Amino acid sequence: MGVIATLLAHEPRLARLRTAARDRYRFVPCEDWTSLTRACERGPINVVVFDLYVDGRADFERVRQLRVRVPRAALVAYVDITRERARDMFDAGRCGIDVLIVAEETDTPQMLAALLDQAEARSVSSLLKPHLAGLRSVVRDAVMLSVTRAHERLTPDSLARLIAVSRRLLSKRLEGAQLPPPHQLLTWGRLIVAASMLEDGSRSADGVASALDFPSGSAFRNTCQRYLGCTPHQIRLRGGAQWVIQELLVNREKRRQVSDHEDDVQDAAAA
């Protein structure tokens, strides 16, 4: 079970959030920014949901402090949008807010559930960014989307459409970067998010499988064995998401070595 820390003075919105989260999260309600910060410092928090205007104005400095203290947590602002506040929304992204929930527009239970999934996946994607520098934009986008959209069961075709390239070009770019083909990359993305969820010791493998829409707990365990050679419990013990990312990078290095060897053989034959 994940943990959501909240700073929401509007009780119906908190109730709506609880309905959307169902039994997948435990809630830690907070009364002010100070108690919210302390809650984040005391234990592992997966998602932080707050009213950006709880004190009457947008306090971006508080948000920046939260981002420093809980770099892995997803920061979700639950806001009323007015014309006067429109400019604040640009600053929201720059200070580290991952997802905006707009009151009375994107806060139906179904939308909230999807936004919570998206927020948690985005928090994991921050671990990938340092490893993607220097790659083509198509490759970077594909890798990031495989993680941030892990709950959506993307297909290679829908992934290519999101990046606005053909599936053939996407496959070619991934191959050139020594990364898996699209269908395998999407599975790696889901495994990275699953591994992050497993870092929370209270989450079971079956619960993670359900959250990420694997056909069953057995199917999830089989995928772990096929791609990583270990069980969900072993993934947790080995470091969770960071370890799975390293395994993806190890596979990439092996692909690069094979490619270099094949080039050397071709050069020798040509000589």
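Report on the accompanying structure. (Residues numbered from 1 in each chain as written. Predicted model: local features only at pLDDT ≥ 70, side-chain atom pairs only at ≥ 80, totals over all residues. Heavy atoms only, no water.)

**Brief notes about the environment of valine 70**
With respect to the element layout, valine 70 can be found in the loop between helix 3 (60-69) and strand 4 (74-79). Classification of valine 70 as buried rests on a relative accessible area of 8%. The spatial distance from the C-alpha of valine 70 to the C-alpha of histidine 131 is 21 Å, given a sequence separation of 61 residues. (Helix = DSSP H or I, 4+ residues; strand = E, 2+ residues; numbered from the N terminus. Buried < 20%, exposed > 50% of the residue type's maximum accessible area, 1.4 Å probe, protein only.)

**Thoughts on the nonpolar core**
Residues Leu170, Ile192, Phe220, Leu228, Ile235 and Val244 are the most contacted members of the largest nonpolar core, which totals 50 residues. Counting only elements with at least two residues in this core, the list comes to helix 5 (109-125), helix 6 (137-148), helix 7 (156-163), helix 8 (167-176), helix 9 (182-198), helix 10 (205-211), helix 11 (217-228) and helix 13 (241-270). Broken down by element, this core gets its largest block of residues, 10 residues, from helix 9. Within the second largest apolar cluster, 27 residues are counted, among which are Cys30, Leu75, Val79 and Ile97. (Core = buried A, V, L, I, M, F, W, Y, C linked by side-chain atoms within 4.5 Å.)

**Let's talk about helix 1 (residues 11-21)**
Among all positions in helix 1, only Arg13, Leu14, Leu17, Ala20 and Ala21 are buried. Around the axis of helix 1, the buried residues are gathered within 120 degrees of arc, so they sit on the same side. Packed against the buried residues of helix 1 are strand 1 (2-7), strand 2 (25-29), strand 3 (47-50), strand 4 and helix 5. Directly beyond the C-terminal end of helix 1, a positive phi value near 50 degrees is found at arginine 22. (Arc of directions from axis to C-beta. Contact = heavy atoms within 4.5 Å.)

**A look at the sheet that holds strand 2**
On the basis of which strands lie adjacent, the open sheet formed by five strands has the order 2-1-3-4-5 and parallel pairing. Each edge of the open sheet carries a strand with a single partner, namely strand 2 and strand 5 (99-102). With direction set aside, neighbouring strand axes in the sheet form an average angle of 20 degrees. Relative to strand 5, strand 4 runs parallel, the two sharing four bridges. Looking at the pairing, valine 79 lines up with valine 102 of strand 5. (Pairing = 2+ DSSP bridges. Axes fitted to C-alpha atoms, helices over the stretch in contact; angles between N-to-C directions.)

**Description of the packing of helix 9 against helix 11**
One can describe the packing of helix 9 onto helix 11 by two numbers: an axis separation of 11 Å at closest approach and a directional angle of 110 degrees. The angle between the axes of helix 9 and helix 11 places the two elements in the roughly perpendicular class. Note that helix 9 runs across helix 11; the crossing there is left-handed. For the pair helix 9 and helix 11, contact is made by Gln184, Thr187, Trp188, Leu191, Ala194 and Leu198 and by Phe220, Thr223, Cys224, Tyr227 and Leu228, respectively. Residue composition of the contact of helix 9 with helix 11, grouped by class: eight nonpolar, three polar and no charged. (Parallel < 35°, antiparallel > 145°, perpendicular 65-115°, else oblique. Left-handed = near helix turned anticlockwise from the far one by under 90°. Nonpolar A, V, L, I, M, F, W, Y, C, P; charged D, E, K, R; others polar.)

**So, the packing of aromatic side chains**
In total, this model carries three aromatic pairs according to the counting rule given. Their ring planes at 50 degrees and their centres at 5.0 Å tell us that phenylalanine 214 and phenylalanine 220 sit as a pair that is tilted. We classify phenylalanine 220 as buried; its relative accessible area is 0%. One cation-aromatic arrangement involves arginine 190 over phenylalanine 214; the distance from NZ or CZ to the ring centre is 3.9 Å. (Phe/Tyr/Trp six-rings, centres within 6.5 Å; stacked < 30°, edge-to-face > 60°. Lys NZ or Arg CZ within 6 Å of the ring centre and 35° of its normal.)

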